[in-house]
Amino acid sequence: PAMSGFQGLFNAGKAAVVANVGPLRAPTTRAQYQARGVPIPPDLFSHSDQQAQWQSSISDGAPRSGWGGRLGDLLKTANGTNSSSTLISVSGNNLFQVGTTISSFKVSPGNTLGFDFYKGAAATDPTSKGVNELLALPTASLFEGAWKDVIQRAIANQQILSSALAAAPPFTTVFPNTGLGAQMQMIARLVSVRQALGLKRQVFFASIGGFDTHGDEQLGRQAELLGEVSSAMTALYNASVELDCADLVTSFTASDFNRTFPSNGKGSDHAWGSHHLVAGGAVRGGRMVGSFPTLVRGGPDDTGNQGLWIPSTSVDQYGASLARWFGAGTAEIATAFPNLARFPTADLGLLT
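One structure accompanies this document, and this report is about it. All figures in this text were calculated on a predicted structure; none of them were measured in a lab. (Residues numbered from 1 in each chain as written. Predicted model: local features only at pLDDT ≥ 70, side-chain atom pairs only at ≥ 80, totals over all residues. Heavy atoms only, no water.)

A word on the overall build of the chain. Within the chain, the secondary structure is distributed over eleven helices and eight strands. Taken along its principal axes, the extent of the C-alpha atoms in the chain is 70 × 45 × 40 Å. Residues classed as buried in the chain amount to 46% of the 352 residues present. The long-range fraction of contacts in the chain, counting pairs at least 24 apart against all pairs at least 6 apart in sequence, stands at 70%. Put simply, the chain shows about 16,300 Å² of open surface, and 55% of that area lies on carbon and sulfur atoms. One finds the centroid of the 24 positive side-chain charges in the chain at a distance of 5 Å from the centroid of its 24 negative side-chain charges. (Helix = DSSP H or I, 4+ residues; strand = E, 2+ residues; numbered from the N terminus. Buried < 20%, exposed > 50% of the residue type's maximum accessible area, 1.4 Å probe, protein only. Contact = heavy atoms within 4.5 Å. Areas by Shrake-Rupley, 256 points an atom, 1.4 Å probe, with all protein chains shown as cover. Lys, Arg positive; Asp, Glu negative; His and termini not counted. Charge placed at Lys NZ, Arg CZ, Asp CG, Glu CD.)

Summed over the entire model, instances satisfying the criterion amount to twelve aromatic pairs. The interplanar angle of 85 degrees and the centroid separation of 4.9 Å between the aromatic rings of tryptophan 67 and phenylalanine 96 together place this pair among those described as edge-to-face. Taken together, the residues tryptophan 67 in helix H4 (residues 67–75) and phenylalanine 96 in the loop between strand E2 (87–89) and strand E3 (105–106) connect sequence positions 29 residues apart. For phenylalanine 96, a relative accessible area of 7% translates into the label buried. Look at tryptophan 325 and phenylalanine 326: their rings are 6.4 Å apart centre to centre, the planes differ by 40 degrees, and that puts the pair in the tilted class. Through a chain of ring-to-ring contacts, three or more aromatic side chains come together here, namely Trp54, Trp67, Phe96, Phe205, Phe252, Tyr318 and Phe337. Of note, arginine 36 hangs over the ring of tyrosine 33, and the distance from its end group to the ring centre comes to 4.5 Å. If you follow arginine 201 out to its NZ or CZ, it ends over the ring of phenylalanine 326, 5.9 Å from the centre. (Phe/Tyr/Trp six-rings, centres within 6.5 Å; stacked < 30°, edge-to-face > 60°. Lys NZ or Arg CZ within 6 Å of the ring centre and 35° of its normal.)

To continue, consider the sheet that holds strand E4 (residues 203–205). Spatially, the three strands line up as an open sheet ordered E3-E2-E4, and their pairing is parallel. For this open sheet the edge positions go to E3 and E4, each flanked by a neighbour on one side alone. In this structure, E2 lies alongside E3, joined through two bridges in parallel fashion. Bridge pairing links serine 89 to lysine 106 in E3. (Pairing = 2+ DSSP bridges.)

On to the pattern of salt bridges. One pass over the structure, following the stated rule, counts four salt bridges. For the salt bridge of aspartate 212 with arginine 259, the shortest nitrogen-to-oxygen distance reads 3.0 Å. Of the two residues, aspartate 212 sits in the loop between E4 and helix H9 (218–242) while arginine 259 sits in the loop between strand E5 (250–252) and strand E6 (274–280), which places them 47 residues apart along the sequence. Linking arginine 324 and aspartate 347 is a salt bridge whose minimum nitrogen-to-oxygen distance equals 3.2 Å. Taken together, the residues span a long stretch of sequence, with arginine 324 in helix H10 (residues 315–326) and aspartate 347 in the segment after helix H11 (330–336) at a distance of 23 residues. Its relative accessible area of 33% is what places arginine 324 among the partly exposed residues. Residue aspartate 347 is classed as partly exposed on the basis of its relative accessible area of 33%. (Salt bridge = Lys/Arg side-chain N within 4 Å of Asp/Glu carboxyl O.)

Our next topic: helix H3 (residues 47–56). For H3, the full list of buried residues reads Gln50, Ala52, Gln53, Trp54, Gln55 and Ser56. Tucked inside the fold, the buried residues of H3 contact strand E1 (15–22), H4, E4, E6 and H10. Looking at the residues trailing H3, positive phi occurs at serine 57, about 60 degrees.

Remark: helix H7 (residues 179–192) packs on H9, axes separated minimally by 9 Å, with the N-to-C direction vectors making an angle of 15 degrees. The angle between H7 and H9 falls in the class roughly parallel. Judged by the twist between their axes, the crossing of H7 over H9 is right-handed. When H7 is examined against H9, the residues Gly179, Leu180, Gly181, Met184, Ile187 and Ala188 are found in contact with a partner set consisting of Glu228, Val229, Ala232, Met233, Leu236 and Ala239. Each residue belonging to the contact of H7 with H9 can be placed in one class, and the counts come to nine nonpolar, two polar and one charged. (Axes fitted to C-alpha atoms, helices over the stretch in contact; angles between N-to-C directions. Parallel < 35°, antiparallel > 145°, perpendicular 65-115°, else oblique. Left-handed = near helix turned anticlockwise from the far one by under 90°. Nonpolar A, V, L, I, M, F, W, Y, C, P; charged D, E, K, R; others polar.)

For the rest of this paragraph, the subject is the environment of leucine 44. Mapped onto the fold, leucine 44 is located in the loop between helix H2 (30–35) and H3. Using a relative accessible area of 16% as the deciding quantity, one classes leucine 44 as buried. Residues in contact with leucine 44, not counting those within four places in the same chain, are Tyr33, Gln50 and Trp272.

Let us now look at the nonpolar core. Within the largest apolar cluster, 36 residues are counted, with the highest numbers of intra-cluster contacts made by Phe6, Val107, Leu161, Phe175, Met184, Met186 and Met233. Mapped onto this core, the elements with two or more residues apiece are helix H1 (4–11), E1, helix H6 (142–167), H7, H9 and E6. (Core = buried A, V, L, I, M, F, W, Y, C linked by side-chain atoms within 4.5 Å.)

Turning to the pairing of E6, a few remarks are in order. Within E6, six of the seven residues are buried, leaving the element largely enclosed by the surrounding structure. Sheet topology note: the E1/E6 ladder contains five bridges and is antiparallel. Looking at the pairing, valine 18 lines up with histidine 276 of E6. In this structure, E5 lies alongside E6, joined through three bridges in antiparallel fashion. Considered in E6, the bridge of threonine 250 is made with glycine 280.

Everything listed here is a matter of coordinates, which is why it stays silent on function.
What follows is the structure, encoded as structure tokens:
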């Protein structure tokens, strides 16, 4: 009931639900899990480990890059010389956008960007002068040189983005006054200046926490959080319609894991497979994709007797379906998702 915005997108055919997704090393049944008949992702039910497996699409080793970053590496040539803005986070550092040849640019979801206090090389105010003097100092070590490179790149990107955003006409779509709403609004603003910046492919990262409902009043807390997700995703879609680029923008959810089916009294505990939301003009919406689990403790989709559903769709399949829409070819998808060949379906048919 808290997700009326997403419900509207779903009913209009602009959003879909992908059932029971999670990190897998191979297709896995209950019998195989219990007999350890197939390899299982390490450290299941751990927040940090399953977040890393979700963001990297690597479930059989220590991940060093994320699938968003790998796609950015592979498709950065579409952006010409503007590859530094291919990956943008409005929620700080993350593994998802770690690539091998380009770095993500971190943008505040507020109205200021980066070094907004810095007025340029010719400025005479004390702060700008101090920055210029630091950057002009002789480099005594590789560390100092790398620091200067990062600061100079950040200043250059900030000035480019600030100038483009200042010249962009405002849009009328109203975003919710929430943390995720502010992040989505900044993403919409950045999308609105894509042509001015010469950008054709971008991967954005936003985040929301608070779902670890061990001892909370879970129904009320989840209604609040899912309502925030719904309203933010709906506003981003509405903005993309206003900007006449709805077919070019797809938002999707990812998470570390679901919650156990039975309650622990007030909340619930760490589980595995979870359901995810996809919205955008190119989404084949109004439907559920994948196999919904049988909601029975000890049933065919439970790891044991605790209501921990074994994923029926892998993160690899989910990500590869989005990557194909993003413009990645078969070889590029195989590079971005090295374990995809272990699964029978490489494209869920989510998007046109």
